[in-house]
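Observations on the model geometry
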Amino acid sequence: MAASSDRIPPPFPATEEPGVGPSDVADGDSDEGEDIFSNPMAVSRGVSQPDNVNEEPPDLFSDEEEASSTTVKSNGVHSDDDNDLFAEAHVELSTDTPGSSARKEPSTSVGPRPASSFTRSPAAMQPTSLEQLEEEESNDSFDVDVAVTNPEKIGDGMNAYVAYKVSTRTSLAMFRSKTFSVRRRYSDFLGLYEKLSVKQSLHGCIIPPPPEKSVVGMTKVKVGMDDPSSVEFVERRRAALERYLQRVVSHPSLLQDPDVREFLEKEELPRAVSTQALSGAGFLKMINKASDAVNKMTIKMNESDTWFEDKFQEVENEEQQLRKLQAVVDSLVNHRKELCGSTAVFAKSMAMLGNSEDNTALSRALSQLAEVEDKMEQLHQEQAASDFFIFAELLADYIRLLGAMRGCFDQRVRAWQRWQEAQSTLQKKREAEAKLLWANKPDKLQQAKEEITEWEARVTQHERDFDRIGMTVRKEVLRFEKEKAKDFRSQIVKYLEAMLQSQQRLVKFWEAFLPEAKAIA
Amino acid sequence: MTSTIDESNKEKMRSVSVDLNHDASLLIDIPDALCERDKVKFTVHTKTTLSSFQKPDFSVPRQHEDFIWLHDTLVETEDYAGLIIPPAPPKPDFESPREKMHKLGEGEATMTKEEYTKMKQELEAEYLAVFKKTVQVHEVFLQRLSSHPNLSKDRNFQIFLEYDQDLTVRRKNAKEMFGGFFKNMVKSADEVLISGIKEVDDFFEQEKTFLLDYYSKIKDSTAKAEKMTRSHKNIADDYIHISATLNSLSADDSTANKKLLEKLSDLFEKLRKVEGRVASDQELKLTELLRYYMRDIQAAKDLLYRRARALVDYENSNKALDKARLKSKDVPQAEEHQQQCLQKFDKLSESGKKELTSFKGRRVVAFRKNLIEMAELEIKHAKNNVSLLQGCIDLLKSI
């Protein structure tokens, strides 16, 4: 964190953007990843470079560790301690290229720029090669830490909900202060996602998805928060919400979105009603989703760039395999829990046997064995929690993220479709003009010519947008893959380290038992 | 499927009983066994210096039912009423691996070829383990007989070892003669009788209390230990699937994640082998130990029962004598009968005491040996896991 504290990012432009609807693509939305701004601190590199971000994936799940000593599960409802929130839960700041002096500012902005400032054509934005893209990715870092803690049940009965504390620590000037926190509920997180999806997905960004809704889980919580499955549900959701936010703030474009800022900063958020399943907005969404699906089916995209096709296939395969793996890991978690249970029961039985035993030394040894098995049960429980909260959740996250990625590819296909539709409309207009020419109606002809010009511009715009999205998608995919590799590595290492410690403790327990067994006479 | 057990494996297997087969005058082992569908054919091999046998070195084929016949005839023999008859070996039970094999066959389509092969290997290993265990258990039964001063001289035992024809005919005759009557009686009435009797001897009073209580506890522990071992096996199986899926992911991956997935897949493959061994060692050292001594304690309880019955007989004969004296009729017969009962009871008590004391010692020694071995194996496997995990972690950190 120290590394970036002396950098001051440029002040965020005052123009707030209203929600951008799907039809507004032609308004010249700013592009992600373009260096449009002219802050003197920016190091110019000739042709403007796409903005690059590459951070270490946030230290996921570290909150659990500090809140509980032995078992993750015991990270109960009220047990988080405030002081250490950010000790580990931060977006790590480091650059992959040490000694790089060219610290670029995060300079993307979201929202409609006046079309005039948007002078450069997409073509000039393209990096000369994919390798250059990758290199440039390695230079940036952000200075925002978020944590989600202190789940608290508010209210009673079926209207109850859980409020989480969302704390931010930052040195970015675009925020009002350096550390602050707000209380948010799950539907707020979901609302943020919906807003971002609507705005950002048009540009080809991969929007991290939050954890799914769960009627069953929430009902249990509403009824009472004390049983272990409720505690587990709340903890799982809390950790998933934290990772969700961390992914959002570590994405350079998303961080600039005013909705994100509002989410982190504003005291009271209006209730996100569009997330309610049966509301009017909900129905509208369902219909849109359905029509999109149909749309996709009728126009098959004629792919000029096989990269996209190959990648899409890869993503689909990977998602399938991850689901398979998730199922097996779930089975592992269950078997591990069973082992806990059967070990505990066995330990009790062994203790009883030890009591019955009339040979004193053997009786003692059997009692000791019962104690060792009790300790083993504890180890198995911790291992099961680790299997679940680290391994299984990692897989769940990436299954969701791959889904988001597929959505991103879909956006590109839609951009292509719009372009094609514009082209066919232009064609029709031209045909109409030709007819008018032949029929010799000069006044209508003028109008026709104007329309043709208009549509020609539209076609060009759509083509540019399509190329631009293509580029963004490519960039996003690369960024995502890098993040994923880092994320997997850090999580798997964490998982294995936990397993290692568990086995080391196992050795100690049995080594302590051995002399007892040898003492039997 | 034919399976052969070699010497080194036999040594390892002889785990639950101790001090057997050291007397060179009569050495018995089961060097070979064949498994045909459900039936297991054991080759019982005897080496002896005793003149009571026709040859010094010979082998015969025997089935499980032959062992049961031998056990039952020994139990029914009056002369051995004061001895703990070694428990009969349990019937070979391949139900569990067979069922799993069936399930595997049904699920074949959902797995990769590699995964299926690995699962099949695991099951074959499990099948082999069950097989080895049943051979061991039958062998130990015979060895306990051969090392017992009285039982080793039993005529039926000799027939069992030597008779080179099929024992089936003999088995049928025996069943007709005894009808398994005594055995059935023992099973149903023993608790009531043993606990109901007024004990005259402190030693037996204590033994009775202890054995009844211990039996129920050890039976419970055996069942719980079995469940624990099954859970371990399930986890080992899960590791196979995890390893296989990671392998598929790695094969299709073109990003930086590829190597990580590959290494992780290797690790899980190795971990599952260790986990499998943890499960089977626990089974052998702990579960088998408990199971064996549960059966042995049942045999000790049977001894107590027989003695209790002899006491009842003696008391009844006393009453009969009193009645005869009252009626002055058939007094000498009654007296003789009473004497016989008394003698029988005393003989049972004396030999019973000896048997129970040596049983205690045997049990403690066996527990000690197995608990030590189990602890050592647990440590070994955990250390193995530690080094595997550390190796993988170092590898992943360097990717």
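Under an unreviewed UniProt entry, chain B has the name Sorting nexin and belongs to Perca flavescens. The UniProt entry for chain B carries this comment under Function (unreviewed entry): "Involved in several stages of intracellular trafficking." As its UniProt record puts it under Sequence similarities (unreviewed entry), chain B is described as follows: "Belongs to the sorting nexin family."

**A closer look at the overall build of chain B**
Looking only at helices and strands, chain B has 10 helices and 4 strands in total. The secondary structure elements of chain B, listed N-terminal to C-terminal, are β-α-β-β-β-α-α-α-α-α-α-α-α-α. Here chain B holds 399 residues, and the buried ones make up 53% of them. Put simply, chain B shows about 19200 Å² of open surface, and 53% of that area lies on carbon and sulfur atoms.

**A look at the overall build of chain A**
When its secondary structure is counted, chain A shows 12 helices and 3 strands. In chain A, which comprises 521 residues, the share counted as buried stands at 54%. In chain A, the proportion of contacts linking residues at least 24 apart, taken out of those at least 6 apart, comes to 81%. With the model as given, the accessible surface of chain A reaches about 23200 Å², and the carbon-plus-sulfur share is 54%.

**Observations concerning the interface of chain A and chain B**
Between chain A and chain B, the residue contacts involve 58 residues of the former and 63 residues of the latter. For the pair chain A and chain B, the summed buried area comes to about 5300 Å², and 71% of that belongs to carbon and sulfur atoms. Linking chain A with chain B are 5 salt bridges. The partner of Arg363(B) in a salt bridge is Asp358(A), and the shortest N-O contact between them spans 3.7 Å. Counting the contacts that link chain A with chain B gives 20 residue pairs in polar contact (both at pLDDT 80 or more).

**A look at the confidence of the model for chain B**
Residues and elements named next belong to chain B. When pLDDT is averaged along chain B, the result is 85; 87% of the residues meet or exceed 70. Mean pLDDT across the secondary structure elements of chain B bottoms out at strand S1 (residues 2-4), with 41, and peaks at helix H10 (residues 331-398), with 93. Note that pLDDT drops below 50 for residues 1-16; the model gives that stretch 42 contacts with residues more than four away or on any other chain. Confidence metrics for the complex model read pTM 0.76 and ipTM 0.85.

**What to know about the sheet that holds strand S1 (residues 144-154) of chain A**
Residue and element names in this part refer to chain A. Spatially, the 3 strands line up as an open sheet ordered S1-S2-S3, and their pairing is antiparallel. Strands with a single pairing partner mark the edges of an open sheet, and in this sheet they are S1 and strand S3 (179-185). Mean inter-strand twist for the sheet, computed between neighbouring axes without regard to direction, equals 20 degrees. Both strand S2 (residues 161-170) and S3 contribute to a ladder of 7 bridges, which runs antiparallel. When the bridges of S3 are listed, alanine 163 appears paired with arginine 185. Packing of helix H8 (residues 258-265) onto the sheet brings it into contact with S1, S2 and S3, and relative to S3 it is tilted by some 95 degrees.

**Some words on the environment of Leu190(A)**
All names here are of chain A. Within the secondary structure, leucine 190 is located in helix H4 (residues 186-200). Overall, leucine 190 belongs to the buried group, its relative accessible area being 10%. Spatially, the C-alpha atom of leucine 190 lies 40 Å from that of alanine 344, the residues being 154 residues apart in sequence.

**Some points on the pattern of salt bridges**
Taken as a whole and judged by the stated rule, the model has 62 salt bridges over all chains. Put simply, Glu433(A) and Lys449(A) hold a salt bridge, and the shortest N to O gap is 2.9 Å. Of this pair, Glu433(A) sits in helix H11 (residues 360-439) while Lys449(A) sits in helix H12 (residues 442-518), placing them 16 residues apart in sequence. The class of Glu433(A) is buried, set by a relative accessible area of 16%. Among the ionic pairs, Glu269(B) bridges to Lys118(B), the shortest N-O distance being 3.5 Å. Here Lys118(B) lies in helix H4 (residues 113-146) and Glu269(B) lies in helix H9 (residues 257-327), a separation of 151 residues in the sequence. Both residues of the pair, Glu269(B) and Lys118(B), belong to the buried class. Three or more residues joined by partner-sharing salt bridges are found here, namely Glu212(A), Arg236(A), Arg243(A), Arg247(A), Glu393(A), Asp397(A), Arg400(A) and Asp487(A).

**As for the side chain of Ser152(B)**
All names here are of chain B. Summarising the element assignment, serine 152 is placed in the loop between H4 and helix H5 (155-162). In this structure the side chain of serine 152 is engaged in a polar contact, spanning 2.8 Å, whose partner is the backbone oxygen of histidine 148. A polar contact of 3.5 Å, which involves the side chain of serine 152, links it to the backbone oxygen of proline 149.

**A closer look at the environment of Phe203(B)**
Residue and element names in this part refer to chain B. With respect to the secondary-structure elements, phenylalanine 203 resides in helix H8 (residues 202-252). For the pair phenylalanine 203 and lysine 353, spaced 150 residues apart in sequence, the C-alpha separation works out to 7.9 Å. Excluding its chain neighbours within four sequence positions, the residues that come into contact with phenylalanine 203 are Lys353, Leu356 and Thr357.

**Describing helix H5 (residues 215-223) of chain A**
All names here are of chain A. Taken as a whole, H5 has its buried residues at Gly217, Met218 and Val221. With its buried residues spanning 90 degrees around the axis, H5 presents them on a single face. The exposed residues of H5 that point more than 90 degrees off its buried face are Val215, Val216 and Val223.

**Quick notes on the nonpolar core**
Nonpolar side chains tend to gather and get buried jointly when the protein is soluble and globular. In terms of nonpolar packing, the biggest core is built from 119 residues, with Leu496(A), Trp510(A), Ile218(B), Ile242(B), Leu290(B), Phe367(B) and Leu371(B) touching the most fellow members. Of all the secondary-structure elements, those providing two or more residues to this core are helix H10 (306-356), H11 and H12 of chain A together with H8, H9 and H10 of chain B. Broken down by element, this core gets its largest block of residues, 30 residues, from H11(A). The residues contacting Trp510(A), other than those within four sequence positions of it, are Leu369(A), Val372(A), Glu373(A), Met376(A), Met374(B), Ala375(B), Glu378(B) and Ile379(B).

**Quick word on the packing of aromatic side chains**
On inspection of all chains with the given rule, the structure shows 26 aromatic pairs over all chains. Ring geometry for Trp510(A) against Phe513(A): centres 5.7 Å apart, planes inclined by 90 degrees, an arrangement best described as edge-to-face. Note that Trp510(A) and Phe513(A) are positioned in helix H12 at a spacing of 3 residues, about one turn of the helix. With relative accessibility at 0%, the residue Trp510(A) sits in the buried group. Of the aromatic side chains, those joined through ring pairs into one cluster are Tyr164(A), Phe189(A), Tyr244(A) and Phe263(A). Against the face of Tyr215(B) rests Lys301(B), its NZ or CZ located 3.8 Å from the ring centre.

**Some thoughts on the domain arrangement of chain B**
Interface size, as often reported, equals the accessible area lost upon joining of the parts. Residue and element names in this part refer to chain B. By the assigned domains, chain B splits into domain 1 (13-100 + 127-167) and domain 2 (210-398). Each of domain 1 and domain 2 was reduced to a C-alpha centroid, and the two centroids are 20 Å apart. Carbon and sulfur atoms supply 53% of the area buried between domain 1 and domain 2, which totals about 2100 Å² over both sides. Counting the contacts that link domain 1 with domain 2 gives 5 salt bridges. For arginine 144, the salt bridge identified is with aspartate 296, shortest N-O distance 2.8 Å. Viewed at the interface, domain 2 and domain 1 are joined by 9 residue pairs in polar contact (both at pLDDT 80 or more). The greatest single-element share of the side of domain 1 that touches domain 2, amounting to 4 residues, is contributed by H4. Tallied by class, residues from the side of domain 1 that touches domain 2 come to 13 nonpolar, 4 polar and 6 charged.

**Things to note about the packing of H11(A) against H12(A)**
All names here are of chain A. Where H11 contacts H12, the two axes come as close as 9 Å, and the packing angle between them is 170 degrees. The orientation of H11 relative to H12 falls into the category roughly antiparallel. A class-by-class count of the residues in the contact of H11 with H12 yields 40 nonpolar, 10 polar and 21 charged.

**What about the pairing of strand S4 (residues 57-63) of chain B?**
All names here are of chain B. Burial along S4 is one-sided: the residues Phe58, Val60 and Arg62 are buried and none of Asp57, Ser59, Pro61 and Gln63 is. Summarising the sheet, strand S3 (residues 39-48) and S4 pair through 7 bridges and their orientation is antiparallel. Looking at the pairing, lysine 47 lines up with aspartate 57 of S4.

**Overview of unusual backbone geometry**
Residue Asn150(A) is not a glycine yet carries a positive backbone phi of 50 degrees. Its place among the elements puts Asn150(A) in strand S1. For Asp330(B), which is not a glycine, the phi torsion comes out positive at approximately 55 degrees. One can find Asp330(B) in the loop between H9 and H10.

Reading the values: rules and limits
- Residues numbered from 1 in each chain as written.
- Chains lettered and ligands numbered in written order.
- Predicted model: local features only at pLDDT ≥ 70, side-chain atom pairs only at ≥ 80, totals over all residues.
- Heavy atoms only, no water.
- UniProt positions renumbered as here; feature names shortened; annotations may be inferred.
- Helix = DSSP H or I, 4+ residues; strand = E, 2+ residues; numbered from the N terminus.
- Buried < 20%, exposed > 50% of the residue type's maximum accessible area, 1.4 Å probe, protein only.
- Areas by Shrake-Rupley, 256 points an atom, 1.4 Å probe, with all protein chains shown as cover.
- Contact = heavy atoms within 4.5 Å.
- Buried area = accessible area lost by both parts, 1.4 Å probe.
- Salt bridge = Lys/Arg side-chain N within 4 Å of Asp/Glu carboxyl O.
- Polar contact = N/O pair within 3.5 Å; in protein donor to acceptor, adjacent residues only side chain to side chain.
- pLDDT = per-residue confidence, 0-100.
- Pairing = 2+ DSSP bridges.
- Axes fitted to C-alpha atoms, helices over the stretch in contact; angles between N-to-C directions.
- Arc of directions from axis to C-beta.
- Core = buried A, V, L, I, M, F, W, Y, C linked by side-chain atoms within 4.5 Å.
- Phe/Tyr/Trp six-rings, centres within 6.5 Å; stacked < 30°, edge-to-face > 60°.
- Lys NZ or Arg CZ within 6 Å of the ring centre and 35° of its normal.
- Domains from an automatic or database assignment.
- Nonpolar A, V, L, I, M, F, W, Y, C, P; charged D, E, K, R; others polar.
- Parallel < 35°, antiparallel > 145°, perpendicular 65-115°, else oblique.

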